[in-house]
Amino acid sequence: MLVSSKIQAAFQKCINPDCGAEFDCGKSLFKCPQCGELLDTQYNWDKIPVPDKLNKFAKRWANRDKPLDFSGVWRFREMLDFCPDKYKVTIGEGQTILQRNDAVAKYVDMKTGCLYLQYEGLNPSGSFKDNGMAAAFSHAMMVGAKSCACASTGNTSASVALYAHSCGLKCTVFIGSGRIAFGKLSQAMDYGAQTIQINGDFDDCMRRVQEVCSKLKLYLLNSLNPFRLEGQKTIMYRIIESLGWEVPDWIIVPGGNLGNSSAFGKAFHELKQLGLINRIPRMAIINATGADTLTDLVNGKKLTWNGGRVEQKIIDDYYAELTARNFSPHTCASAIEIARPVNLKKCLRAIDICDGVVLAVTDEEICDAKAIIGKYGLGCEPASAATIAGLRHLRAESIIAADDRVACVLTGHPLKDPNITVNYHKDKLGQFSNPLIEAPNELDEIIKLIK
Ligand SMILES: *Cc1c(COP(=O)(O)O)cnc(C)c1O
Ligand SMILES: [Zn+2]
């Protein structure tokens, strides 16, 4: 327990209002030692020199020779001021693009100029996870960690492995059996992580990694780690920066472990609290139908944040039922193939902050949307395409208007999961398949084939 929360700029705080315990940022805890709930990073804003205007952050980007100013995470450092500069880690994350895409807008029945795609696949390891790792590894350096670990559906392991060797930390990653996309697995091995494949799914890995980390005192890098979510807030800063510091009407994000949705809600809440924005966008969180715990709980069981007093019994009963029928989630979008999302409660808070909606889309819809993003945009991995598939539903139901301004977060790079893409096209699995054409080695025959 801490006396210093009032004198330090940043501290950790339990999200359970009936506990509210506070801890120094110099500790690595990951769950409240008093009640077991998630922890947040919180700030005493009057102790932090936050710029009075958001455009002051953007000016730093011109200092390309200064790594912290160049970083798409640390140039917003006053918004995540939990560690001294000397510990801050960057490998050039967050140089991402917000692309206006009118062709994809047409596919989802939105007006020209209204749809924007935030390409987080352009990060060093090819997914948004790098935003979070820059922040979490900085915390790891601050607490003097020597070894770290994570459970992963793929991208977390790729990002952790990259940042770990960049910081000189030993690193172990846990993956489930069979379900990891090859692009991601290849990165974990290539970046030098000790990679352990557990005979189970992601939720099993998540449970084991927490046990291993507490027994062996390894630094945990899953999104239970509140400092990771602080880095992920910056995705929202960069979106509004690219829109000339205007807030869009909607943010759409895939939902897996619900770290992003949680971080985005917190980001907007803080910006509003500080008077840096005048309104908060709405948020849509998209599940896959084969991994739709959030959708079931929010739409089906009417679970809400309820001022922090979430009805735990609804969650417990739901999970007991999953266990009873031996449920394991299944979707081609392996990054969101998660049945027990660790950030569920923070996500409920974000839904409350952003007047959020939740829905689930099928694998067929995801793959078709992915093909459209490939054909007319920069491409993405399946989980990312859930956003566009979800947006189509939200337009059809008129929850989103054709002239609303919408930003979809494309979380991972198209080359993460080449098998899904090749199979979709080669085996003509969807509406937009672009199959391979076989030709004899004869000029006239080849010419006949060219259209
Ligand atoms: C990790 C991951 C997700 C899931 O993110 P959460 O914030 O945990 O819901 C979605 N897409 C990709 C590509 C990912 O790597
Ligand atoms: Zn607590």
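Above this text sits the structure in question.
Residues numbered from 1 in each chain as written. Chains lettered and ligands numbered in written order. Predicted model: local features only at pLDDT ≥ 70, side-chain atom pairs only at ≥ 80, totals over all residues. Heavy atoms only, no water.

A. View of empty space enclosed by the protein. Enumeration according to the criterion identifies two cavities of 30 Å³ or more in this entry. Looking at the largest cavity, its volume works out to about 270 Å³. As for the largest cavity, its lining consists of 25 residues, of which F128, K129, G256, N257 and A335 are closest to the centre. Among the elements of the structure, helix 5 (155-167), helix 8 (226-232) and helix 10 (259-273) are those that each provide at least two residues to the lining of the largest cavity. Looking at which element gives the most residues to the lining of the largest cavity, the answer is helix 10, with three residues. (1 Å grid on protein atoms, 1.4 Å probe; cavity = no way out; pocket = protein on both sides within 12 Å on 5 of 7 lines; lining within 4 Å. Points joined across faces, edges and corners; volume = space filled by probe spheres on them. Helix = DSSP H or I, 4+ residues; strand = E, 2+ residues; numbered from the N terminus.)

B. Spotlight on the pairing of strand 3 (residues 39-43). Among the five residues that make up strand 3, four are buried, leaving the element largely enclosed by the rest of the structure. In this sheet, strand 3 lies alongside strand 1 (residues 10-14) in antiparallel orientation, the contact comprising five bridges. From the neighbouring strand, Q12 faces strand 3, where its bridge partner is T41. (Buried < 20%, exposed > 50% of the residue type's maximum accessible area, 1.4 Å probe, protein only. Pairing = 2+ DSSP bridges.)

C. Broad picture of the side chain of E230. Its location among the elements puts E230 in helix 8. Since its relative accessible area comes to 1%, E230 is described here as buried. When sequence neighbours within four positions are dropped, the list of residues in contact with E230 reads T41, Y43, M79, L80, F82 and K266. (Contact = heavy atoms within 4.5 Å.)

D. Spotlight on helix 11 (residues 293-300). Three or more residues of helix 11 are buried, namely T293, L294, T295, L297 and V298. Where helix 11 is buried, its residues touch strand 11 (282-288), helix 12 (312-324), helix 13 (344-354) and strand 12 (357-361). Looking one or two residues past helix 11, K302 carries a phi angle of roughly 55 degrees, positive in sign.

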